[in-house]
Amino acid sequence: MTVKLINLFEYEPLAQARLSPMAFDYYASGAWDEVTLKDNRAAFNRYKLRPRMLVDVSQRDLSTTILGEKLSLPILIAPMAFQCLAHPEGEVATAKAARDLGTIMVLSTLATKTLETVATVDSLRWFQLYVHRDRNLTKALVERAYKAGYQALCLTVDAPVLGRREKDRRNQFVLPPGMELANLASITDLEISYHPGESGLFTYFLEQLNPALTWQDLEWLQSISPLPLVVKGILRGDDALRAVECGAKAIIVSNHGGRQLDGAIASIDALIDVVAAVGDRAEILVDGGIRRGTDVLKALALGAKAVLLGRPILWGLAVDGQLGVQKVLELLRDELDLAMALSGCATLKDVDPSMVK
């Protein structure tokens, strides 16, 4: 690239210029009126930092540990489907960037590279699971993830059906020729196909995913795999506590990037309730609306162990492949480092609830 980008916001318009309108709308859009999509971002501005002064911050350390794995920064890559829409290397390029930055990539069930192919990249990785109506198919995915060396199973629980994303419906979203549900292609003929007047993804969820998923299924998943269970999509303290009681080792506070229930609480607002309910019984992470290092700092101060970054990763991937993803992570890391220095925090252990109001 010849233009030097200096923050995450600058990647989106460049990515839009490189993506097809259908692909950009799929990545960028939220459900219905996109109220929650917008509030995820706006909510961070409602929290104000309270920096400490006269603290030695000459040496700073952003490293942390998530489920026993040491990371160089408290920023993970969220699960996102169909990354080959952004770049031919898709999920493989993203995994390489995660490796080079020393963090975890969460691979989507609906990836366009197989979980085995992504596993050839020597990186930390979790597998995100959608539970299908066909239990044997779900079981096969879990077993493959374990065999391929994924370190955790990340169960998405906020999508019993797909939220109504009107831009996808208007575009009649479908995967382009030559692109497939890579993780499912070898075991089934399921695909995101064309449906007149409808989003192919909406139809896929309606027909294939299991809307009868319950707490008992968490126990079943743990019975078929020794991988630690992460539950993603929690917005209530009581749900978070129940997930922990059912064996979850980590909770991801998330409203699916504003793509499911429009009008749902912003993830950062929901974080407070979840932290109060769970305490130190599980590790708590959060996603949704994170664009600045100060956003990460606020999330950590409110009790998150780390955050997950979504759409900006896709924008970086579209702009410059692996190097674009890497640069996005580096920009956010460097902003967090600066925010910590200016707030009187030399390490992540120095970040506490007194830092925000």
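Reference entry: report on the structure contained in this document. (Residues numbered from 1 in each chain as written. Predicted model: local features only at pLDDT ≥ 70, side-chain atom pairs only at ≥ 80, totals over all residues. Heavy atoms only, no water.)

Remarks on the overall build of the chain
Alright, step 1. Scanning the chain from N- to C-terminus turns up 14 helices and ten strands.
Alright, step 2. On the principal axes, the C-alpha backbone points of the chain span a range of 60 × 50 × 40 Å.
Alright, step 3. Look at the contacts in the chain between residues 6 or more apart in sequence, and 74% of them connect residues 24 or more apart.
Alright, step 4. Here the chain has roughly 14,500 Å² of accessible surface; of this, 52% comes from carbon and sulfur atoms.
Alright, step 5. Once the 39 positive and 43 negative side-chain charges of the chain are each reduced to a mean point, those two points are 3 Å apart. (Helix = DSSP H or I, 4+ residues; strand = E, 2+ residues; numbered from the N terminus. Contact = heavy atoms within 4.5 Å. Areas by Shrake-Rupley, 256 points an atom, 1.4 Å probe, with all protein chains shown as cover. Lys, Arg positive; Asp, Glu negative; His and termini not counted. Charge placed at Lys NZ, Arg CZ, Asp CG, Glu CD.)

What to know about the pattern of salt bridges
Alright, step 1. Summed over the entire model, instances satisfying the criterion amount to 15 salt bridges.
Alright, step 2. Across the pair D39 and R46 runs a salt bridge, and its minimum N-O distance is 3.0 Å.
Alright, step 3. A residue is classified by how much of its surface remains accessible, and D39, at 22% relative accessible area, is partly exposed.
Alright, step 4. Salt-bridge contacts for R60 lead to D337; the nearest nitrogen and oxygen are separated by 2.9 Å. Here R60 is found in the loop between α3 (35-46) and β1 (64-66), whereas its partner D337 is found in helix α14 (residues 311-343), with 277 residues between them in sequence.
Alright, step 5. One continuous salt-bridge network, built from bridges that share partners, spans D39, R46 and D269. (Salt bridge = Lys/Arg side-chain N within 4 Å of Asp/Glu carboxyl O. Buried < 20%, exposed > 50% of the residue type's maximum accessible area, 1.4 Å probe, protein only.)

With respect to the pairing of strand β9 (residues 283-287)
The side chains of a regular strand alternate, residue by residue, between the two faces of the sheet.
Alright, step 1. The buried fraction of β9 is high, at five of five residues.
Alright, step 2. Side chains E283, L285 and D287 project from β9 onto one buried face, and the interleaved I284 and V286 project onto a second face that is buried too.
Alright, step 3. Sheet analysis places strand β8 (residues 250-253) next to β9, joined by four bridges and oriented parallel. Note on β9: the bridge partner recorded for I251 is I284.
Alright, step 4. Both β9 and strand β10 (residues 306-309) contribute to a ladder of three bridges, which runs parallel. In the sheet register, V286 faces β10, and the bridge partner there is V307.
Alright, step 5. Note on the crossover from β9 through helix α13 (residues 293-301) to β10: the handedness is right-handed. (Pairing = 2+ DSSP bridges. Right-handed = clockwise from strand over helix to strand, strands pointing away.)

A few points about the environment of A98
Alright, step 1. Among the secondary structure elements, A98 is positioned in helix α4 (residues 90-101).
Alright, step 2. Owing to a relative accessible area of 0%, A98 belongs among the buried residues under this scheme.
Alright, step 3. In this structure, the C-alpha to C-alpha distance between A98 and D238, residues 140 residues apart in sequence, is 33 Å.
Alright, step 4. Those residues within four positions of A98 in sequence are excluded, and the remaining contacts are I77, T103, I104 and M105.

Observations concerning the side chain of N255
Alright, step 1. Summarising the element assignment, N255 is placed in the loop between β8 and α12 (267-278).
Alright, step 2. Within the structure, the side chain of N255 is placed 3.0 Å from the backbone nitrogen of G258, a separation counted as a polar contact.
Alright, step 3. Not counting residues within four places of it along the chain, the set of residues in contact with N255 comprises T36, N40, D158, L235, Q260, I265, A266, S267 and D287. (Polar contact = N/O pair within 3.5 Å; in protein donor to acceptor, adjacent residues only side chain to side chain.)

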